[in-house]
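Secondary and tertiary structure notes
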Amino acid sequence: MTKLSVDTSKPLLRVANISKSYGSRVALHEASFDLWPGEVMAVVGESGSGKTTLLNAIAGRQCPDTGLVEFLNRTNELQNIYVMSEAQQRLLSRTEWGFVHQSSADGLRMDVSAGANIGERLMSLGERHYGRLRQTAEEWLKRVEIDPARIDDTPRTFSGGMRQRLQIARNLVTQPRLVFMDEPTSGLDVSVQARLLDLLRQLTRQMQLAVVIVTHDLAVARLLAHRMMVMQRGVVVEAGLTDQVLDDPQHPYTQLLVSSVLQP
Amino acid sequence: MMLQLKKVTKQFTLHHQHGVQLNVLNNVDMSVSSGECVVLDGPSGMGKSTLLKLIYANYRASSGEIEVRQADGSTLELTKADPRELVRMRRHTVGYVSQFLRVIPRVSALDVVAEPLIEDVAHDIAAVEKAREIARALLTRLRIPERLWELPPATFSGGEQQRINIARNMIKPQPILLLDEPTASLDAANTQTVIDLIHEALARGAALVGIFHDAHVGKAVATRHIDVTQFRSAQ
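Residues numbered from 1 in each chain as written. Chains lettered and ligands numbered in written order. Predicted model: local features only at pLDDT ≥ 70, side-chain atom pairs only at ≥ 80, totals over all residues.

Some remarks on the overall build of chain A
Of the regular secondary structure elements, chain A holds ten helices and ten strands. Against the 2.2 N^0.38 benchmark of 18 Å for 264 residues, chain A shows a C-alpha radius of gyration of 18 Å, consistent with a compact globule. The principal-axis extents of the C-alpha atoms in chain A amount to approximately 55 × 45 × 40 Å. Within the span of chain A, comprising 264 residues, buried residues form 44% of the whole. Pairs at least 24 apart in sequence give 66% of the contacts found in chain A among residues at least 6 apart. (Helix = DSSP H or I, 4+ residues; strand = E, 2+ residues; numbered from the N terminus. Rg over C-alpha atoms; globule rule 2.2 N^0.38 Å. Buried ≥ 20, exposed ≤ 12 C-beta atoms within 10 Å, placed from the backbone. Contact = placed C-beta atoms within 7 Å.)

Details of the interface of chain B and chain A
Of the residues lining the interface, 16 residues belong to chain B; the matching set on chain A comes to 21 residues. Ranked by the residues each element gives to the side of chain B that touches chain A, the list is headed by helix H2 (residues 83-92) of chain B, at four residues. For the side of chain B that touches chain A, the residue count by class is eight nonpolar, four polar and four charged. (Nonpolar A, V, L, I, M, F, W, Y, C, P; charged D, E, K, R; others polar.)

Some words on the pairing of strand E9 (residues 227-232) of chain A
Residues and elements named next belong to chain A. With respect to burial, E9 is a largely interior element, six of its six residues being buried. Side chains Arg227, Met229 and Met231 of E9 all project onto a buried face; the interleaved residues Met228, Val230 and Gln232 project onto the opposite face, where all are buried too. As defined by bridge partners, strand E3 (residues 40-44) adjoins E9 across four bridges and the pair is classed as parallel. Paired with Val43 across the strands is Met229, a residue of E9. When E9 meets strand E10 (residues 235-241), the two strands line up antiparallel, connected through six bridges. When the sheet's bridge partners are listed, Arg227 is paired in E10 with Leu241. (Pairing = 2+ DSSP bridges.)

Everything listed here is a matter of coordinates, which is why it stays silent on function.
The structure is reproduced here in structure tokens:
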């Protein structure tokens, strides 16, 4: 697997003072952070804390009212993702970025085959060779622990855990540098969750992916993320290394979160 | 000088316990050089583990400075470092043997141990195999039966998990090593193996700071003792 060597003096993603309101309700207030290549960052908080608003804003899905979101492009310049042309943005979201949704129905085409789900990004980049597409799809099915014999089945016939793994394969096939994940493990049985988490942990390390993962599950953050941000009512109240925030929480809200669960 | 703490204090504020403030460590000044093994003494509850956790940046110092000489020769001041620098510091400079193994689901004991080496070689298959070879040798030294190597350690006994934890965190020859009661649940033979491993780390020039429940182990490895009760402030 070849990777472009990236100048690490610049972050992959730079988020500066982004805010978003819905009417008079402030959903997100002045969030800032830099994300570096290979870094996995968890965003935690209860529902309504603004973490999904943050994710959508930094993933180019919903423009914030104020502030700046910049991504390091292949020519090593930080580029404002909201002033790109639509074609540029599309290319970015099909190649350099991935987005893993909480509900697999939002991230997969449920009525086309597993193989076609995986091949779609490659085809949009111009790959037309049927044999190569099929071979790549088979390889990726194996990597996410789905029997390649299921390549012609649609995700409708898959279990919840398999669908999430297929969603991951569909996103990672173009070897993106940055992947956004919105509660990827919630709604799965515990044993299925463990398998998915282990897979995510392996893939993020092997591929040196930068990841922003939104989760309400502190154990998921502990296992996958290098660092984390805690949100409450649209505000980032605490940030740091994952184990620092979990083992030595400073903010009252973080202390409450940590003390409310059984050994994250 | 590998490690230097300057006027480090640590207090915990418990916001949901009426804002109680616990002053655990006060004015810690200490430094550790290459080839030294500093053993922390003092009754439990005096902040020995807290001190190790501050050096590992697991806890955040309330004030003061913690300087670590990194593998590349530069100095990192932990209280001002960003997460990325701390991740790098842990990967290349400071190892930490905690009291308990934090289990990773589905990963075999062998790979749990080899992982710190595998992380550095990524896709080089020969190097990955070499890392596993080193892990096998270490598991053998620590008397983990071969039939357990391919199993995830979740179901292992406390003593077995502790030995996996030691192997995982000592497999890579880090310049600085922190040890929090690594022999607490080990038998005499394995305790002696850990003492040997510590002596080997010292011989290659590592700087060690450790807590040893068992006084004879502390005596066997210490080049210097520090009594942490001196860092205790009036509550």
